[in-house]
Amino acid sequence: MLKYIIDGNNLIGKIKLLQKLQSSDKQAAREKLGFLIDNYFSKKKFRVSLHFDGYPNLPINMSSAKIIYSMKKTADEKIKDEISSQKNPKNTVVVTSDNNLKEFARVCSCTVISAEKFASFIMEKGEQNEEEERINSINDIEEFKRIFNGKK
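Residues numbered from 1 in each chain as written. Predicted model: local features only at pLDDT ≥ 70, side-chain atom pairs only at ≥ 80, totals over all residues. Heavy atoms only, no water.

1. Regarding the overall build of the chain
Logical step 1: A tally of regular secondary structure across the chain gives six helices and five strands.
Logical step 2: In the chain, the succession of helices and strands from N to C terminus is β-α-α-α-β-β-α-β-α-β-α.
Logical step 3: Taken over 152 residues, the chain has a buried fraction of 39%.
Logical step 4: Counted over contacts in the chain with a minimum sequence separation of 6, partners at least 24 positions apart contribute 52%.
Logical step 5: A total of about 9600 Å² of accessible surface is found on the chain, and carbon and sulfur atoms cover 51% of it. (Helix = DSSP H or I, 4+ residues; strand = E, 2+ residues; numbered from the N terminus. Buried < 20%, exposed > 50% of the residue type's maximum accessible area, 1.4 Å probe, protein only. Contact = heavy atoms within 4.5 Å. Areas by Shrake-Rupley, 256 points an atom, 1.4 Å probe, with all protein chains shown as cover.)

2. Observations concerning the pattern of salt bridges
Logical step 1: Inspection of the entire model under this criterion finds three salt bridges.
Logical step 2: Where lysine 3 meets glutamate 82, a salt bridge forms, and the shortest distance between an N and an O atom there is 2.8 Å. Taken as a pair, lysine 3 in strand E1 (residues 3-7) and glutamate 82 in helix H4 (residues 75-84) lie far apart in primary sequence, 79 residues in all. Here lysine 3 matches glutamate 82 in class, with each residue buried.
Logical step 3: We note a salt bridge from glutamate 116 to lysine 14, for which the minimum N-O separation is 3.3 Å. Of the two residues, glutamate 116 is situated in helix H6 (residues 115-149) and lysine 14 in the loop between helix H1 (8-12) and helix H2 (16-24); the sequence distance between them amounts to 102 residues. (Salt bridge = Lys/Arg side-chain N within 4 Å of Asp/Glu carboxyl O.)

3. What about helix H3 (residues 26-41)?
Logical step 1: Given a rise of 1.5 Å per residue, 16 residues ought to cover 22 Å, and the 23 Å separating the end C-alpha atoms of H3 matches this to within 8%.
Logical step 2: Counted residue by residue, H3 has 12 buried out of 16 residues, so it is predominantly covered.
Logical step 3: Within H3 the residues assigned to the buried category are Gln27, Ala28, Ala29, Arg30, Leu33, Gly34, Leu36, Ile37, Asp38, Asn39, Tyr40 and Phe41.
Logical step 4: With its phi angle positive at about 65°, lysine 43 sits one or two positions after the end of H3. (Expected span 1.5 Å × (residues − 1).)

4. Re the pairing of E1
Logical step 1: Where burial is concerned, most of E1 is hidden: five out of the five residues are buried.
Logical step 2: Covered by surrounding structure in E1 are Lys3, Ile5 and Asp7 together with Tyr4 and Ile6, the residues of both alternating faces.
Logical step 3: Bridge count between E1 and strand E2 (residues 47-52): five bridges; the pairing is parallel. Note that in E2 the partner of isoleucine 6 across the bridge is leucine 50.
Logical step 4: Both E1 and strand E4 (residues 92-95) contribute to a ladder of four bridges, which runs parallel. Paired with isoleucine 5 across the bridge in E4 is valine 94. (Pairing = 2+ DSSP bridges.)

Keep in mind these values describe shape, not function.
Dropping the structure here:
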């Protein structure tokens, strides 16, 4: 099974909306990133770990990923530890734009996706879901009008 290891703070820095939010509310930026990642990986059979620097604040509910806080280490160190512990690193995808981490992951035979590229993937999926919600709400409005206006 494919394993994704995501450098959370690095990814937040590549999504303008989250980058701006992080400057005023780090927890909210992490929660929104968690939502985007959950949305992207829903209905996919991957294992996912999302790494953040520091200590946990309020719990972030995610069904598709495990959140790992670095505590006294750096997130980069924790990510390297996780990469090193993979039984089959060829089935591991590391999401980061940190040059040191990218090089370490490549040396360990992992696939690397830049945070910029991955940000475009998860934002595109989010936009598709928003569009589906708009279409569904239009259909609901039409249905509502049909029922209450007596039109068939």
